[in-house]
Amino acid sequence: MKPRTLLAALLLLTTITATAQTPAQQLAIRLQRIQQKGIMFGHQDDPFYGLTWEYQKGRSDTRDLTGDYPAVMGFDLGGIEKGDSKDLDSVPFRLIRDEALAHARRGGIVTFSWHPRNPLTGGNAWDVKDTTVVRSILPGGSQNAKFQTWMKRVADFLVTLTDKHGNKIPIIFRPWHEMNGSWFWWGQKICTDEEYKALWNMLQDYLTSRGLDNLLYCYSPNLDGSWTTERYLKRYPGDARVDIIGEDAYQWGTEADFIKLTNADLTFVREFAKEHNKLYVLSECGYKNNPDSTWWTRVLMPILREYHVLYFLPWRNYKEEYFGPSRDEHSAANFLELYKQKDMLFLKDIRKVK
Ligand code: BMA
């Protein structure tokens, strides 16, 4: 082949492969590249409110402190199922949409969780009194029709997340998290393993049927401390249904406990992820109202580096309950130290990585 013909053929091939890829596949490739560079910082509800402010366009506790936005922003869909105009933490869905799109536009990564209400009792996601709830929404159950509507509302929202060319923005979607605990209605003691997997599949199959090929699915149990493969696999929906392994790990108790449990889990997750060819993340983390002004670099950073998670995402900065950085609290200087490390990635470090 003449060099020019070869070039043309190569170009054609690249175009075909590029167009054949779904937005989810493109994101997966991008994440692999970012992982070579370091560890991304993410934050829940970052652009909506912080320790001392709320709803000021463009503002972010992360940016106020570091001059840069988080690489990953997390948002929640809780409430969308009922047609609410605001999520469970009072953020208008209209704003969630705007900010998710703005973050994607500036080259950031977007992740969504969902804390839906309890479809059987009408209570919130933490209403765990009735252990028939998951069964009731599966096919044949008394609440199945209602839950079909709930899933439809989730999909109706997600399909509106398109860029100016009408392309769906890629999203890391993290439903039914912390299923190994029993505080959510899809939790360990509230439904059987089979019911849990049927729930996962029902939602995933529905979203797929709505053309949502822009979702990477993250399966994220809570800090456990004693995983075995056998136990982990009990609720794991399967390699074909999971793209990213998550781990929700907060320091609720002592530092020693947090380090011990997190090391145990991430040792397991690193191995599991390797065997199953998945990326893995600290999908939620933090130390509530951070009593320790050196926590970021002294306790968390060594763990992040040891396991090289793809990202870590402290939960929201709400007045009464904050988990992320802020210039208005005492660990600000320490977080800045973390920010300055070359391997800690914020928006500017990843926006050009395609
Ligand atoms: C929890 C708390 C709640 C919040 C929920 C969903 O960890 O922060 O206040 O409603 O997450 O964001």
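For the structure itself, look to the data block above.
Overview of the structure. What you are looking at is a predicted structure, and each value in this text was computed from that prediction instead of being measured. (Residues numbered from 1 in each chain as written. Predicted model: local features only at pLDDT ≥ 70, side-chain atom pairs only at ≥ 80, totals over all residues. Heavy atoms only, no water.)

1. Quick notes on the overall build of the protein
How we decide: Each helix is a run of DSSP H or I of at least 4 residues and each strand a run of E of at least 2, with the numbering of both proceeding from the N terminus. Accessible area is worked out with a 1.4 Å probe on protein chains only. A residue is then buried under 20% of its type maximum, exposed over 50%, and partly exposed in between. Residue contacts follow a heavy-atom distance rule, with two residues in contact if any of their heavy atoms lie within 4.5 Å. Method for areas: the Shrake-Rupley scheme with a 1.4 Å probe, in which residue coverage is limited to the protein chains shown. His is not counted, nor are the chain ends, whereas Lys and Arg count as positive and Asp and Glu as negative. To locate a charge, the coordinates of NZ of Lys, CZ of Arg, CG of Asp or CD of Glu are taken.
Looking only at helices and strands, the protein features 12 helices and 11 strands. Counting all 354 residues of the protein, 54% fall into the buried class. Relative to all contacts within the protein whose residues are 6 or more apart in sequence, the contacts with residues 24 or more apart total 76%. Carbon and sulfur atoms provide 53% of the accessible area of the protein, an area that totals close to 15,300 Å². Looking at the protein, you have 46 positive and 44 negative side-chain charges, and the mean spots of the two groups are 7 Å apart.

2. Digging into the pattern of salt bridges
To keep it simple, the criterion reads: Salt bridges are defined as contacts in which a side-chain nitrogen from Lys or Arg sits within 4 Å of a carboxyl oxygen from Asp or Glu.
Tallied over the entire structure, the rule returns 20 salt bridges. For Asp89, the salt bridge identified is with Arg316, shortest N-O distance 3.5 Å. Within this pair, whereas Asp89 is found in the loop between β2 (72-76) and α4 (93-105), its partner Arg316 is found in the loop between β8 (311-314) and β9 (317-318), the two being separated by 227 residues in sequence. Note that Glu255 and Arg298 form a salt bridge whose closest N and O atoms lie 2.9 Å from each other. With Glu255 in helix α9 (residues 255-276) and Arg298 in helix α10 (residues 295-307), this pair connects stretches of sequence that are 43 residues apart. A cluster of three or more residues bridged by salt bridges with shared partners is formed by Arg59, Asp64 and Arg327.

3. Focus: the layout of surface pockets
Empty space among the atoms becomes apparent when a probe as large as a water molecule is rolled across them. Keep this limit in mind: Each cavity reported here is a set of points on a 1 Å grid over the protein atoms alone in which a 1.4 Å probe fits but cannot get out, each pocket an open set with protein on both sides within 12 Å along at least five of seven lines, and each lining residue one with an atom within 4 Å of a point. Grid points are joined across faces, edges and corners, and a volume is the space filled by probe spheres set on the points. In this classification, the charged set is Asp, Glu, Lys and Arg, the nonpolar set is Ala, Val, Leu, Ile, Met, Phe, Trp, Tyr, Cys and Pro, and all remaining amino acids, among them Gly, are polar.
Estimates place the volume of the largest pocket at around 850 Å³. The wall of the largest pocket is formed by 31 residues, among which Ala104, Arg105, Asp163, Ile169 and Pro170 lie closest to the centre. Looking at the lining of the largest pocket, the elements that each hand over two or more residues are α2 (23-37), α4 and β3 (109-113). Tallied by class, the residues present in the lining of the largest pocket amount to 11 nonpolar, nine polar and 11 charged. Taken as a whole, the second largest pocket spans an internal volume of roughly 330 Å³. Along the wall of the second largest pocket there are 16 residues; nearest its centre are His115, Trp126, Tyr250, Glu284 and Trp315. Residue composition of the lining of the second largest pocket, grouped by class: eight nonpolar, three polar and five charged.

4. Considering a nonpolar patch on the surface
The cut-off we apply is this: Patch building starts from residues that exceed 30% relative accessible area and form no salt bridge, then joins like charges within 9 Å and nonpolar side chains (Val, Leu, Ile, Met, Phe, Trp, Tyr) within 5 Å.
On the surface, Leu88, Trp126 and Trp183 cluster together into a nonpolar patch covering about 290 Å² of accessible area. Relative to the helices and strands, Trp183 is located in the loop between β4 (171-174) and α7 (193-209).

5. Some points on a positive patch on the surface
Together, Arg63, Lys348, Arg351, Lys352 and Lys354 line one region of the surface with positive charge. Along the chain, Lys348 falls in helix α12 (residues 347-350). Judged by its relative accessible area of 47%, Lys348 is partly exposed.

6. Regarding the site of the ligand
Put simply, the rule reads: We call a residue near a molecule or strand as soon as one heavy atom of that residue lies within 4 Å of the molecule or strand. N or O atoms within 3.5 Å of each other form a polar contact, as long as, within protein, one can give a hydrogen and the other can take it, and as long as residues adjacent in sequence are counted only when both atoms are side-chain atoms.
By nearness alone, every residue bordering the ligand is listed as Leu88, Asp89, His115, Trp126, Trp315, Arg316 and Glu321. Asp89 has a polar side-chain atom sitting 2.5 Å from an oxygen atom of the ligand. Here an oxygen atom of the ligand and a side-chain polar atom of Trp315 are 3.0 Å apart. Residue classes in the shell around the ligand are distributed as three nonpolar, one polar and three charged.

7. Brief notes about the packing of α9 against α10
Helices that pack against each other are described as a pair by the angle of their axes relative to one another and the distance between those axes. To keep things clear, this is the line we draw: Axis angles are defined between N-to-C directions and span 0 to 180 degrees, where every axis is a line fitted to C-alpha atoms and, for a helix, only to the segment in contact. An angle below 35 degrees is treated as roughly parallel, one above 145 as roughly antiparallel, one from 65 to 115 as roughly perpendicular, and anything else as oblique. Should the near helix be turned counterclockwise from the far one by less than a right angle, the crossing is left-handed, whereas a clockwise turn marks it as right-handed.
For the pair α9 and α10, interaxial distance at closest approach is 10 Å and the crossing angle is 15 degrees. Viewed along their axes, α9 and α10 adopt a mutual orientation that is roughly parallel. Crossing geometry of α9 relative to α10 is assigned as right-handed. Contact with α9, carried on its side by Glu255, Phe258, Ile259, Thr262, Asn263, Leu266, Thr267 and Arg270, involves Trp295, Arg298, Val299, Leu300, Ile303, Glu306 and Tyr307 of α10 and no other residues of that element. Residues of the contact of α9 with α10, tallied by class, amount to eight nonpolar, three polar and four charged.

8. Notes on the environment of Asn180
As for its position among the elements, Asn180 is in the loop between β4 and α7. In this structure, the C-alpha to C-alpha distance between Asn180 and Ile244, residues 64 residues apart in sequence, is 17 Å. Once residues within four sequence positions are removed from consideration, Asn180 is found in contact with Gln188, Pro221, Asn222, Leu223, Asp224 and Trp227. Only 2.7 Å separates the side chain of Asn180 from the backbone nitrogen of Asn222, close enough to count as a polar contact.

9. Notes on the packing of aromatic side chains
For clarity, the threshold we go by: Any Phe, Tyr or Trp ring, taking Trp's six-membered ring, that has another such ring centre within 6.5 Å forms a pair; planes under 30 degrees apart are called stacked, those over 60 apart edge-to-face, and the others tilted.
Across all of its chains, the model carries 40 aromatic pairs by this definition. With 5.4 Å between their ring centres and 45 degrees between their planes, Trp114 and Trp176 make a pair best called tilted. Taken together, the residues span a long stretch of sequence, with Trp114 in the loop between β3 and α5 (133-137) and Trp176 in the loop between β4 and α7 at a distance of 62 residues. In this structure, Trp114 and Trp176 share a single accessibility class: buried. With 5.0 Å between their ring centres and 50 degrees between their planes, Tyr232 and Phe268 make a pair best called tilted. With a gap of 36 residues between them, Tyr232 in helix α8 (residues 229-233) and Phe268 in helix α9 connect regions that are remote in the sequence. Aromatic rings pair up to connect Phe173, Tyr196, Trp200, Tyr217, Tyr219, Trp227, Tyr232, Tyr236, Phe268 and Phe272 into one cluster.

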